[in-house]
Amino acid sequence: MTTAAALATHAPALRDGRPLPPADRAVPQLPSLLDRDAMTTVLERSLCGRSAIDELRIASVDYRPGSGATVTYDARVDGRRRLAVAAAGPAGGAAAARTPARLSIARALGGDSPATRPLMYDVGLGALIQWYPLDQRLPVLAKPAAELRRLLAPAGLVVDETIERAETLVYRPGQRAVLRLGDLILKAYADDDAFRAGVRGLQLAQRLGAGPRLECAVPDLRLTVQRAIDGAVVARTRAEETAPAAGAMLRRLHEADVAGLAPVTPQQLLNTVAAAGTLVGAVAPELALRTRRLLRRLAAATPHGLAVAPAHGDFNLSQFLDVDGTMAVLDFDEACLAPPALDIAEYAANLVSGRAGDLEAAEPALEALLDGYGDRPDGVRWYLAASIARRAPTPFRRHKRHWPERMASILDAAEAVLPA
C-alpha cells in the first residue's frame, strides 16, 4: 500500500498546493500551463478591452511526455463562462496560429468571442492559445445558430429561431464536442473513424430502444444529430441501487443480433493499461515500478477464448439518465464486440477514482449488477482490475488535488481485485 513517504518526491509547487510533475525538456511550458495564476495573466493578454478573468479552473490536462501538452481552462470572463485551450508541442507552434483555416474561423467568430485575438501564439509562454469555439478540427463549433438551423432544415429538423447559440455540453479539444440546440443534441467529431463509430452507436441504441435516436448525420462536418433526452443525472451514490436495472439492460444488449461492430480484445485493453502506466510513471516516477509490475501481472493473467457479444464499451453511471423512473443509456460511441465482462467491469471500475472507500462501494455495485444481469461471465475480475488500472492517470488529467496519492490509491484497488 502507498505511504506518504513514498510520495514525498512531490513537493507542493503551486499556490493551491497541487504538486507538479517532473521537468520535461520537450515541454518546458508544463509548469506554467498548470499554474492558474500564470495562465490567468497569459489568457488576459488576448481579451477584449478591459475584460478580465474573474476565475480560472483547469478542466483537463492532455500531457504527452516527451512531446507536448494541451490544457483546457474553464474561465469566467466578466461573469460569463468561457473555455480556452493552450497547446504546447508540435501542434502548438507559432506557425499553427497562421494557418488559413484557423484564421478564417477566428475572423468568422466576430463578437462571439471574448478575445480580441481568439487565436494567438504567446511568445512568452511558447504555446498556442485559442478561445472556444475556435477549433480547426471541429469547424462546426464556430457556426452560428442560424447557420446550424439552415444545415438541419433539409432533414426536416426545426429549431426555435429565438435560440442564438448552441449550449456546449462536452468539449474535448481537437477530438469531439457535444452541443444542445433546442431539443436536439449535436455531436461533432474530429476524424472520420470516430464519426462513423458515433453513427453506428446511435443506430445500435435505436435498435435496442435503450437511448438516443439518430435523426440525421452530416458527413461533411462529421456531425450526428439526435433528439435530446431530458432526465436527471444519476448520482454515484445510487450506483448499487441502479445496478440491477443496469444489469438487465446489459443482458438485452449482449443478446442483441448486431453486425458491423469492431472487436475489442483483452490485448487491446491491456495496451490501454500500458499507455496509462507510461503516463503515470512520467508524472509520478515513484509509481513507475508499481505500474510495470501490475502490467506484468495483468499480462500473465490475460483471459483467452472468451465468447464475445455486442457491448456498449463505456458502460457507467455518467452515461445514465433517470427519465421518470426509467433509465436511459447515452453515448454508444464506443460500441464494440467484446466479452460481456468488459461492460460489467466498467460499471464498477468507474466508481474508483482514488478516494477513500471507492472499492468498498464498487464491489457491492458489481454484485448487484450481476444479479440484474442473471449470470457471471468469465473474466470479470481480470476486466475489473484492468479497467481500474487504466483509470490511474485520471486524477492528474483532471488536475485533482493530491493527484499522486489518488493515482496510487487507484493502483491499490487494481492490485486488490486482480486474481492471484
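If you're wondering where the values come from, they're calculated on a predicted model, not measured in any experiment. (Residues numbered from 1 in each chain as written. Predicted model: local features only at pLDDT ≥ 70, side-chain atom pairs only at ≥ 80, totals over all residues. Heavy atoms only, no water.)

Here we look at the overall build of the protein chain
Next, step 1: Assigned secondary structure in the protein chain consists of 13 helices and 15 strands.
Next, step 2: Computed over the C-alpha atoms, the radius of gyration of the protein chain is 22 Å, within 12% of the 22 Å expected from 2.2 N^0.38 for a compact globule of 420 residues.
Next, step 3: Here the C-alpha coordinates of the protein chain stretch approximately 60 × 60 × 35 Å along the principal axes.
Next, step 4: Going through the 420 residues of the protein chain one by one, you find that 52% of them count as buried.
Next, step 5: Residue pairs at least 24 apart in sequence account for 67% of intrachain contacts in the protein chain once pairs closer than 6 positions are excluded.
Next, step 6: In the form shown here, the protein chain has an accessible surface area of approximately 19000 Å², with 51% of it arising from carbon and sulfur atoms.
Next, step 7: Charge-centre separation for the protein chain: the mean point of 50 positive side chains lies 5 Å from the mean point of 48 negative side chains. (Helix = DSSP H or I, 4+ residues; strand = E, 2+ residues; numbered from the N terminus. Rg over C-alpha atoms; globule rule 2.2 N^0.38 Å. Buried < 20%, exposed > 50% of the residue type's maximum accessible area, 1.4 Å probe, protein only. Contact = heavy atoms within 4.5 Å. Areas by Shrake-Rupley, 256 points an atom, 1.4 Å probe, with all protein chains shown as cover. Lys, Arg positive; Asp, Glu negative; His and termini not counted. Charge placed at Lys NZ, Arg CZ, Asp CG, Glu CD.)

Considering the side chain of Arg 18
Next, step 1: Inspection of the secondary structure assignment puts Arg 18 in the segment before helix 1 (30-33).
Next, step 2: Relative accessible area serves as the criterion here: at 12%, Arg 18 is assigned to the buried category.
Next, step 3: Only 2.8 Å separates the side chain of Arg 18 from the backbone oxygen of His 399, close enough to count as a polar contact. (Polar contact = N/O pair within 3.5 Å; in protein donor to acceptor, adjacent residues only side chain to side chain.)

Observations concerning the pairing of strand 4 (residues 119-122)
Along any regular strand, the residues point their side chains to alternate faces of the sheet.
Next, step 1: Across four bridges, the pairing between strand 4 and strand 5 (residues 127-131) is antiparallel. Paired with Leu 119 across the strands is Gln 130, a residue of strand 5.
Next, step 2: Between strand 4 and strand 5, which follow one another and run antiparallel, lie four residues, and Gly 126 among them has a positive phi close to 80°. (Pairing = 2+ DSSP bridges.)

So, unusual backbone geometry
Next, step 1: In this structure, Pro 133 follows Tyr 132 across a cis peptide bond, with omega equal to 15°.
Next, step 2: Turning to its location among the elements, Pro 133 is positioned in the loop between strand 5 and helix 4 (145-152).
Next, step 3: Despite not being glycine, Asp 78 shows a phi value in the positive range, around 50°.
Next, step 4: Inspection of the secondary structure puts Asp 78 in the loop between strand 2 (68-77) and strand 3 (80-88).
Next, step 5: Of note, Arg 222 is a non-glycine position whose phi angle comes to about 50°, a positive value.
Next, step 6: Mapped onto the elements of the fold, Arg 222 is located in the loop between strand 9 (214-218) and strand 10 (223-227).
Next, step 7: Relative accessible area serves as the criterion here: at 19%, Arg 222 is assigned to the buried category.

Notes on the sheet that holds strand 7 (residues 176-181)
Next, step 1: Here five strands make up an open sheet; going across it, the order is 6-7-8-10-9 and the pairing antiparallel. Unpaired on one side and paired on the other, strand 6 (167-172) and strand 9 mark the two borders of the sheet. Direction aside, neighbouring strands of the sheet carry axes that sit 15° apart on average.
Next, step 2: Summarising the sheet, strand 7 and strand 8 (residues 184-189) pair through six bridges and their orientation is antiparallel. Following the sheet pairing, Val 178 is matched in strand 8 by Lys 187.
Next, step 3: Along the sheet, helix 5 (residues 192-208) contacts strand 8, strand 9 and strand 10; its crossing angle with strand 9, the most-contacted strand, is approximately 165°. (Axes fitted to C-alpha atoms, helices over the stretch in contact; angles between N-to-C directions.)

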